[in-house]
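Here is how the chains run, residue by residue.
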Amino acid sequence: MSHDSLYHIRTRTTITSISERPIHQIPFISYSPSGVGVVHRVLPVLLAKVDSLPDGLEAIIATSDLQGIDPSNHRLLGHLVSEELENLAESGKIPSPQTTGVILAGDLYAKIDKRGGVGDVREVWQAFSRRFRWVVGVGGNHDSFGKTPQEIQAFQNGQDIHYLDGDLTCLDGIRIAGISGIIGKTTKPFRRSEEDFRKLVQEVLNESPDILILHEGPNDAEARLIGNESIRGELTKGSNLLVICGHSHWRVPMTAMPKGVQVLNVDTRVVVMAKMKS
């Protein structure tokens, strides 16, 4: 089944509220920042209300920076998250997976024995793809998608998997653009110069997306939310846009910019955006 549309109709999706208390929490372990041992943490699942979604689509789930391990079997955390969300849907707490799309904003890899590292996250994307209507997203600076160009291409051609890096796709009538990676030394994977990154933001904004997925997002100096000032500068040129990002954790999940731009930070959290009941 194809969810793409050839028609350019802006589908404005505005978040009207986000729950302060999680509707669910997923336990995981990660490498201790102190450099000794592991720490036990929980991943919050928050419910957000949006004013509208296209017919046939009841919810969009967004998450990033799942840099942890399932404590029961040492799989990457993303596998557990996909299963737990499916269970929440079966219990009626969130909409059905068949009517729910998933946005992955990067950094789904983790090591149990050290902080950082880069690793293959294809199976995490595929775990979400098996369960949900579609999966769209970007790569983070800790992600890889295969060792050869052929492996990467085969992954990108997967059914209902939409990997974005400077391009745009249309799913259920929603125009979704994405840019993978961060601003940094270009000798490392998933990094661009500031000039190239800004230019790419300009190019995708010219395509009039409804949603823009970034791994590295903007800052909000007034609210003391860390991020990239130059990316913020480019986003001020957008309008009526939902930006979904990660990379830097915010104490609150969302901030607003002028001209109807909302920025949702899903670093180490899951946000389920569902239509308000009429």
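Please read all numbers here as calculations on a predicted model, not as lab measurements. (Residues numbered from 1 in each chain as written. Predicted model: local features only at pLDDT ≥ 70, side-chain atom pairs only at ≥ 80, totals over all residues. Heavy atoms only, no water.)

### Some words on the packing of aromatic side chains
If you walk through the whole model with that rule in mind, you get seven aromatic pairs. Note on F145 and Y163: the rings are 5.0 Å apart at their centroids and 55° apart in plane angle, and the pair reads as tilted. Of the two residues, F145 sits in the loop between β8 (143-144) and α3 (149-156) while Y163 sits in strand β9 (residues 161-163), which places them 18 residues apart along the sequence. Ring geometry for F145 against F190: centres 6.1 Å apart, planes inclined by 80°, an arrangement best described as edge-to-face. Of this pair, F145 sits in the loop between β8 and α3 while F190 sits in the loop between β12 (182-183) and β13 (191-192), and the two are 45 residues apart along the sequence. (Phe/Tyr/Trp six-rings, centres within 6.5 Å; stacked < 30°, edge-to-face > 60°. Helix = DSSP H or I, 4+ residues; strand = E, 2+ residues; numbered from the N terminus.)

### Structural notes on the environment of G181
Turning to its location among the elements, G181 is positioned in the loop between β11 (174-179) and β12. For G181, a relative accessible area of 0% puts it in the buried group. Here the alpha-carbon distance between G181 and V252, two residues 71 residues apart in the chain, equals 22 Å. Beyond its immediate stretch of four places on either side in the chain, G181 contacts G139, F190, F197, H215 and E216. (Buried < 20%, exposed > 50% of the residue type's maximum accessible area, 1.4 Å probe, protein only. Contact = heavy atoms within 4.5 Å.)

### Describing the packing of helix α1 (residues 77-90) against helix α2 (residues 122-131)
At a closest axis distance of 8 Å, the pairing of α1 and α2 adopts a crossing angle of 10°. Classified by the angle between their axes, α1 and α2 sit roughly parallel to one another. As for the relative orientation of α1 and α2, their crossing is right-handed in sense. Contact with α1, carried on its side by G78, H79, V81, S82, E83, L85 and E86, involves E123, V124, A127, F128 and R131 of α2 and no other residues of that element. In terms of residue class, the contact of α1 with α2 is made up of five nonpolar, three polar and four charged. (Axes fitted to C-alpha atoms, helices over the stretch in contact; angles between N-to-C directions. Parallel < 35°, antiparallel > 145°, perpendicular 65-115°, else oblique. Left-handed = near helix turned anticlockwise from the far one by under 90°. Nonpolar A, V, L, I, M, F, W, Y, C, P; charged D, E, K, R; others polar.)

### Notes on the nonpolar core
If you look at the biggest cluster of nonpolar residues, it comprises 35 residues, and the most contacted ones within it are I61, V81, L85, W125, F128 and V270. At the level of elements, β2 (24-31), β3 (38-50), β4 (59-64), α1, β5 (100-104), α2, β9 and β18 (269-275) are the ones that each hand at least two residues to this core. For this core, the leading source of residues is α1, giving six residues. Ignoring anything within four residues of it in the chain, the contact list for F128 reads G78, V81, S82, L85, V102, L104 and V135. Membership of the second largest hydrophobic core comes to 25 residues, among which are I60, A62, V136 and L264. (Core = buried A, V, L, I, M, F, W, Y, C linked by side-chain atoms within 4.5 Å.)

What is shown is where atoms sit, not what they do.
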